[in-house]
Amino acid sequence: MMEAFFIAVAPLLGGLLYGFERVLRARMQNRKGPPLLQPFYDMYKLIGKQAFIVNPYHSILGIVYFITLWIVVAFIILGENLLYIIFLHLLSVVFLILAGFSVRSVYSHIGANRELLATLAYEPVLVMMAVGFFMINGSFEISAIRANASSIIPLFLLFLTFLMIIPVKLKKSPFNATEAHQEIIGGVEVEYSGVFFEFMYMAKWLEYVFIYLLLMLFAGDNIALGTALFIGTFLLVNLVDNATARVKMRDLIKIVLTLGIVLGTVNLIGLSYV
Amino acid sequence: MTTAILIIAPLLFALAALIAPVMIRNILTILFVIALSALSLGNVFSFNTSFAFPLPNSFHELFILLDTLLLLYFLWRGIVAKNALVMLFALVQIVLYAVVVYLSPAVVSSDIFADHISSVMYLVINIVGGMIIVYALKYIESEELSRFKKNGFIAILFFFLSVMNFIVSTNNIEIFFLLFELTTLCSYLLIGYRGDELSVKNALQALWMNQIGGVAILLALVFSILEYNTLYFDVLLANIDEIYLLPVVFLAIAAFVKGASIPFDKWLIGAMVAPTPVSAILHSATMVKIAPYLMLKIFPAMSGFLSLGVTLFGTFVFFTATLLALGKDYFKEILGYSTIALLGLMMSLAAIGTPEAVTACLILIMFHAVSKALLFLQAGVLEKSFGLKYVDDIDGLVERSPLTVLFIIVGFASLTLPPFGVFIGKFMAIESISKEIINNPFYTFALIFLALGSTLLTLLYFKVVAKLFAKDVDVKPLHVKISKFYTVPSFLLLALLFVGIYMIFLSHFLSSLEFVVPLVLIVFVPILFATLLFKNAHRVKEYNCGEKDESKLGMYYFYLSDALKKGINTAAALSLLVLIAGVLL
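Calculation rules
- Residues numbered from 1 in each chain as written.
- Chains lettered and ligands numbered in written order.
- Predicted model: local features only at pLDDT ≥ 70, side-chain atom pairs only at ≥ 80, totals over all residues.
- Heavy atoms only, no water.
- Patch = residues over 30% accessible without salt bridge, like charges linked within 9 Å, V, L, I, M, F, W, Y side chains within 5 Å.
- Areas by Shrake-Rupley, 256 points an atom, 1.4 Å probe, with all protein chains shown as cover.
- Salt bridge = Lys/Arg side-chain N within 4 Å of Asp/Glu carboxyl O.
- Buried < 20%, exposed > 50% of the residue type's maximum accessible area, 1.4 Å probe, protein only.
- Helix = DSSP H or I, 4+ residues; strand = E, 2+ residues; numbered from the N terminus.
- Contact = heavy atoms within 4.5 Å.
- Polar contact = N/O pair within 3.5 Å; in protein donor to acceptor, adjacent residues only side chain to side chain.
- Axes fitted to C-alpha atoms, helices over the stretch in contact; angles between N-to-C directions.
- Parallel < 35°, antiparallel > 145°, perpendicular 65-115°, else oblique.
- Left-handed = near helix turned anticlockwise from the far one by under 90°.
- Core = buried A, V, L, I, M, F, W, Y, C linked by side-chain atoms within 4.5 Å.
- pLDDT = per-residue confidence, 0-100.
- Expected span 1.5 Å × (residues − 1).
- Phe/Tyr/Trp six-rings, centres within 6.5 Å; stacked < 30°, edge-to-face > 60°.

Caption draft 1: Fine view of a nonpolar patch on the surface. Residues Met2(A), Phe5(A), Phe6(A), Leu13(A), Leu16(A), Phe20(A), Leu36(A), Leu37(A) and Tyr41(A) make up a contiguous nonpolar surface patch of about 850 Å² in total accessible area. Accessibility expressed as a relative area gives 37% for Leu16(A), which makes it partly exposed.

Caption draft 2: Broad picture of unusual backbone geometry. Residues and elements named next belong to chain B. The omega torsion of the bond from Ile262 to Pro263 falls at 5°, within 30 degrees of zero and hence cis. Relative to the helices and strands, Pro263 is located in the loop between helix H10 (246-258) and helix H11 (266-270). Here the amide bond leading from Pro418 into Pro419 is cis, since omega sits at 0°, within 30 degrees of zero. Mapped onto the elements of the fold, Pro419 is located in the loop between helix H18 (402-416) and helix H19 (421-439). Phi is positive for Lys82, which is not a glycine, with a value near 55°. Mapped onto the elements, Lys82 comes out in the loop between helix H3 (57-81) and helix H4 (84-103). Residue classification places Lys82 among the exposed residues on the basis of a relative accessible area of 73%. If you check the backbone angles, Ala260 has positive phi at about 55° while not being a glycine.

Caption draft 3: The arrangement of the environment of Ser105(A) in detail. Residue and element names in this part refer to chain A. Within the secondary structure, Ser105 is located in the loop between helix H4 (82-101) and helix H5 (106-137). Judged by its relative accessible area of 1%, Ser105 is buried. Separated by 77 residues in sequence, Ser105 and Met28 have C-alpha atoms that sit 36 Å apart.

Caption draft 4: Inspection of the interface of chain B and chain A at higher detail. Counting residues at the interface gives 59 residues for chain B and 60 residues for chain A. Applying the counting criterion to the chain B and chain A interface returns zero salt bridges. Connecting chain B to chain A are three residue pairs in polar contact (both at pLDDT 80 or more). Element by element, the count of residues in the side of chain B that touches chain A is highest for helix H20 (residues 443-469) of chain B, at 14 residues.

Caption draft 5: Focus on the packing of H3(B) against H4(B). Residues and elements named next belong to chain B. Between H3 and H4, the shortest axis-to-axis distance is 8 Å and the interhelical angle comes to 160°. In this view, H3 runs roughly antiparallel relative to H4, as classed from their interaxial angle. In the crossing of H3 with H4, the sense of the turn from one axis to the other is left-handed. Listed contacts from H4 to Phe63, Ile64, Asp67, Thr68, Leu71, Leu72, Phe74, Leu75, Gly78 and Ile79 of H3 are Val86, Met87, Ala90, Leu91, Gln93, Ile94, Tyr97 and Val101.

Caption draft 6: Quick peek at the nonpolar core. In terms of nonpolar packing, the biggest core is built from 343 residues, with Phe162(A), Phe158(B) and Met295(B) touching the most fellow members. In terms of residue count, the dominant contributor to this core is helix H16 (residues 355-386) of chain B (21 residues). If sequence neighbours within four positions are ignored, Phe162(A) has contacts with Leu126(A), Met129(A), Ile211(A), Leu214(A), Leu215(A) and Phe218(A).

Caption draft 7: Examining the confidence of the model for chain B more closely. When the pLDDT values of chain B are averaged, the result is 87; 95% of them are 70 or greater. ipTM for the predicted complex: 0.89, alongside a pTM of 0.92.

Caption draft 8: Structural context of helix H6 (residues 147-167) of chain B. Its 21 residues give H6(B) an end-to-end C-alpha distance of 31 Å, which sits within 8% of 30 Å, the value for a rise of 1.5 Å per residue. In terms of residue burial, H6(B) counts as a mostly covered element, since 17 of its 21 residues are buried.

Caption draft 9: Representation of the packing of aromatic side chains within the structure. All names here are of chain B. Counting across every chain of the model gives 46 aromatic pairs over all chains. With centroids separated by 6.3 Å and ring planes inclined at 50°, the aromatic side chains of Tyr73 and Phe74 adopt a geometry described as tilted. Given a relative accessible area of 25%, Tyr73 falls into the partly exposed group. Taken together, a centroid distance of 5.6 Å and an interplanar angle of 40° make the contact between Phe423 and Phe427 tilted. Linking Phe423 with Phe427, this pair stays in helix H19, spanning four residues, or about one helical turn.

Caption draft 10: Just the side chain of Asn210(B), in detail. Residues and elements named next belong to chain B. For Asn210, the position within the fold is in helix H8 (residues 197-228). Within the local environment of Asn210, its side chain forms a polar contact with the side chain of Lys258, the two groups lying 3.4 Å apart. Aside from chain neighbours lying at most four places away, what touches Asn210 is Phe180, Glu181, Thr184, Ser187, Val257, Lys258, Trp267 and Met287.

Caption draft 11: Here's a closer look at the pattern of salt bridges. Applying the stated rule across the entire model yields 13 salt bridges over all chains. Between Lys169(A) and Glu207(A) there is a salt bridge; the shortest N-O distance is 3.3 Å. Of this pair, Lys169(A) sits in helix H7 (residues 156-169) while Glu207(A) sits in helix H9 (residues 194-216), and the two are 38 residues apart along the sequence. For the pair formed by Lys169(A) and Glu207(A), the shared burial category is buried. One salt bridge in this structure joins Arg147(B) and Glu141(B), with 3.1 Å as the shortest N-O distance. Here Glu141(B) falls in the partly exposed class, since its relative accessible area comes to 29%. Via salt bridges that share partners, Glu143(B), Arg194(B), Glu383(B) and Lys384(B) belong to a single interconnected network.

Below, the structure written as structure tokens:
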């Protein structure tokens, strides 16, 4: 019952998180910033707008991206298989990328290309993380991971790697090359408007829920630790976002892949000796 | 009994196809294919699928004669074409073969041996291979070849099926060697079929590379006779001693050659010059599938170092072949490298050898065959109906033939996404390797290759799919009608994919929710396409930032430098040497 409720409100929670983040970021920059509910006001405005479409495939793929992501979040809440969830998430990104490629727009294509490359950077890290959990808990099932004690100490290096891919997924600097606004005008989102953009907008909120739910897995059954991890990471990501400039796409992949894989490998090899 | 029919019948069909006029040939071929498929299916459901028996001595003499003739034929081809490598390897094989025949021990075991793995292979060979032959009927008609050569083409394909059915039912390594060389012969004839300069060149390349595999098997035989005094797989495996694994490592190398693993990838990629049904049959039902099959045959003999070495090498091939594919523009070449990659993964799984890994390997063998066949058939359609070969040119195909696009998308989806079989195979692969890491940290590297490779593979496939959608709203291209000979086999393969999905559902690899959701999504998207076409929404053109210039949209490629490619090949060759050295020490 609780699960059903959380699944239903997941996008709203993501929206709140997104709104809070905007406030927090503004405060860090000594601005007042928009109200907490600004994302929802934006949504309301989007619904009222005239719907324009470039081509039907494009619009539908955007909606499907949102739905798939919601299902991914639902699966995490239900405690299904982690490895499977990571692959299903990949499917949702595939829909987004196809959407980006389905219009003949230079900016959309650049955005989709960059999204592809970013996937290349974080996907292997996610798989390694899942394997780390498997080696500790003997199972890929999230319900089992949640029932066991926290594995943040034995998986500390993988945890660091995971911290590194949060900015990639949430499009925060220094790893926000996928959405480099001034240069590529929003990337994959550029051709969406009105109600169709709303789905893309909500999907963004779901990405927040997705990534922070994965983060909580490191806390296992320790709720206090989970809360601390969430708050700490949230602050850290925004602090880094405010304090750094964007790195180039090439560097993003190089940094995440090399450092991530080295840390992950060391961690997994270490685990097999314990 | 079934085995004998599966071996002999295609030989007779080949003869029939060779002499019959077109109309009768076509009808006969379709009937033959149905019969072969039914027989291989029946075999799976019959009570006694595994059996073993020896062949009479006269057969052995016949096989020795055939083998000698075949090796002499290779030597002759080398002399005619003035190809030093072909001549060299033919000579080496003749010498080694003479040694084997001279040494061959008198102890006899069963020559014919079929088990459940053979039954699975029969399914792949006869059903998938059969559909490709039906497809080839139409394809070959549109080629500029003589009547006799066209019939010969179909005949060779049937002959190929016969050889494949035999190779997966033999327990005698000497007979295995003969059949191994016969598949080399088939691929040599088929690749060079068009007879132009490039075809002949690539056919010779395929010949000498596959001969290396033959040399490896002969070496395995020599060492097996010297140490274990046997020509038979079962005796070898029963007596295997961890200290002396030379025969096993050479058999593994033969598998890598057949599987076109890097550094032997050139022959399979060169094979792309052949008519498309050849690529389809080489990649899905025959030839390269010997590689994981052979690995499955010998995995009980692999332990410790060798098992780890083969696993690492296989996953390394999985990763690097995908990397190479990302720089390619030629549709068939992309498919080719992805075959090499997945074969590497299959061989890794076989080498791990846990019951789970072996199941994963078999699942991959079956479903990869169906998916690849489906995709290669579409490659042929693209070539024949649209004159397209390069991914960069297939803009907006969805308007010209939605059916072809559907086949391509489902084909690629079935190689990557849940709940299709290949996904399950990869999923189980990660699980198997994770379990191995707990005991041996070196498997971590296999996992990393696997994780990187499978991400790259997804990117690769969807990069191609993305191109199918990109279309110009203003231009309405003509709809093209595709021949029934092309669509019917494609539909049947599609149906097989869904049968596979049903089997996966029955075997509870995924929970029912995990199973249904992606399926709904994958079906849901086309239905949404079909219903919500937004007839009333306002159509706009893309935002171009106020620029007037038309821009041509290309694809991204990862161009690997030549130095890096050389590095990959050297690394692969070195690791094979390390494998041999490690076993020797």
